[in-house]
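One-letter residues, chain by chain:
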Amino acid sequence: MAQSLKILFLSAEVTPFAKTGGLGDVSGSLPIALRAMGHDVRVIMPAYQNIESGYPGVEPIPVRLDVPVNFGDIPTGVFQGTLPNSDVPIYFIAEWHLFNRPDLYGYWDDPYRFAFFGRAALALTAVLDWRPDVVHAHDWHAAPAITWLATAGQSHPHFQGIPTVFTIHNLAHQGKVSWEIFDYLGIQTHSLVEEAYGEVNFMARGIYHASIVNTVSPTYAREITTSDGGAGLDGLLRHRQYDLHGILNGLDYDVWNPATDRRLAANYDVDDMNGRRHNRHILQEKANLPLRDDIPLVAMISRLDWQKGLDITGRVIHLLMNNFAGDAQFIVLGTGERHYEQMFARLASYHSGKMAAFLDYNAGFAPMVYAGSDLFLMPSLFEPCGLGQLIAMRYGSVPVVRATGGLADTVQEGITGFTFNHYSEDAFWHALQGAIHIYYTDKESWHVIQHNGMTADFSWQRSAQGYRQLYEWAVAKK
Ligand code: ADP
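Criteria and thresholds
- Residues numbered from 1 in each chain as written.
- Predicted model: local features only at pLDDT ≥ 70, side-chain atom pairs only at ≥ 80, totals over all residues.
- Heavy atoms only, no water.
- Near = heavy atom within 4 Å.
- Polar contact = N/O pair within 3.5 Å; in protein donor to acceptor, adjacent residues only side chain to side chain.
- Areas by Shrake-Rupley, 256 points an atom, 1.4 Å probe, with all protein chains shown as cover.
- Helix = DSSP H or I, 4+ residues; strand = E, 2+ residues; numbered from the N terminus.
- Nonpolar A, V, L, I, M, F, W, Y, C, P; charged D, E, K, R; others polar.
- Domains from an automatic or database assignment.
- Contact = heavy atoms within 4.5 Å.
- Buried area = accessible area lost by both parts, 1.4 Å probe.
- Salt bridge = Lys/Arg side-chain N within 4 Å of Asp/Glu carboxyl O.

Turning our attention to the site of the ligand. Arg 303, Lys 308, Asp 360, Tyr 370 and Leu 387 are the nearest of the 18 residues found near the ligand. Here a nitrogen atom of the ligand sits 2.8 Å away from a polar atom, N or O, in the main chain of Asp 360. Look at the ligand: alone it shows 560 Å² of surface, and the protein chains cover 85% of it. It is strand β13 (residues 297-304) that provides the largest number of residues to the shell around the ligand, a total of 3 residues. Residues that form the shell around the ligand fall into these classes: 9 nonpolar, 5 polar and 4 charged.

Assigned domains within the chain: domain 1 (6-250 + 461-477) and domain 2 (274-456). Contact residues are listed per partner, giving 11 residues for domain 1 and 10 residues for domain 2. Between domain 1 and domain 2 lies a buried interface of about 790 Å² when both sides are counted; carbon and sulfur atoms form 62% of it. The largest share of the area that domain 1 buries against domain 2 comes from Thr 219, Tyr 220 and Leu 248, three residues that together contribute 42% of it. Taken together, the connections running from domain 1 to domain 2 amount to 0 salt bridges. The tally of links between domain 1 and domain 2 comes to 5 residue pairs in polar contact (both at pLDDT 80 or more). The element contributing the most residues to the side of domain 1 that touches domain 2 is helix α8 (residues 218-223), with 4 residues. Split by residue class, the side of domain 1 that touches domain 2 holds 4 nonpolar, 5 polar and 2 charged.

And the structure:
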């Protein structure tokens, strides 16, 4: 067996303890997959209000942790638990004033909260006398730890030479703050070209200081080195392109498995798809649509955000509902920006009897939509990795996606789904029309595509192999 590594995970959110998006899923799932490969993985996150007010299986531990900042040592509490169904330890940094708040983010002092978090997490490894072989930090919130390790940390024997991996989940949030934060952390360094005068940009710092940088799909890794996709950091990313990698997120197969998913009306698998029909009928019933098996049921589940391609969706749905590709039904489940909700509500009332819009967030209902539909739409403007298309494939709903970011890496044209490139209504419609044409005229190919999607490997085990390789490169660089 390959050498076992001590890996420290730093993340602002870890499912199930705190989650606002894909970051939480990665931080909750990847450590378990790495642990199964024999690594000693430990996770550290802040103790938010739900931890402070008592979380089953999470207990305070009796360590003395004093976190040095410019105005003195801050005595800090630590809670400990394990990731679900695993023995992976997770520690929670309990600084009441900073983290015991109703929301995870959105406070004026966020940069200070996460700077403290990073410094405290590293200090905790010294208190526990556990020196990681590699520190894996996620998004800007965990970047201050990388910056500290690369600068002030170099003069501490416990921290000297620890390599780091920095994963970008969302380049749009960069964590900008004024330069005084380096006094707070006791860091002396120079400014980066990407930083305005007197400003620190923690996302840029993570990219600059980490031994290895990655993002959550190979295509997105390339896209962010361009001025269109780089959110102002493309120059820096190009500078680091030999250390910039893309590793697809996995899907939690314990949660997303049509053979065992209890949220479905009927379970099924690739060898026996009968259950799909039953789910479809329940779904049609709930959506007030005729119970028909002979026409394509098209679905969309999405945050209703401009990133998701909704500006090219309205007219396409209108064409679809007017039978320009043959008879079809459409169901959308989503919530978000008001004008997109209104768009779907209007379309649904105009095309009632053919289409339904569920404008809320309903995690219990989403599996029924994946399991009961034939086609799943994801026309995203940009998509770092994307989960919806992976779930759709796994549940036998054939994806029609724009070939950007992780969508380009996971959906293969004509093999596991249908793709289009140009961000336009015409290109989207052309792809959807083509998919429906195959649905109607070539059932055999249709079933092969469905089968290919259901059996494709998007497991965390596979992602973990990729990360294992990054850790090795990071260690080798030091
Ligand atoms: P993002 O993280 O950018 O929203 P992803 O495709 O990575 O996009 O993940 C979206 C996840 O959220 C999928 O699991 C999808 O099923 C789920 N989801 C999105 N909107 C809803 C909703 N309204 N109700 C239930 N689940 C939703």
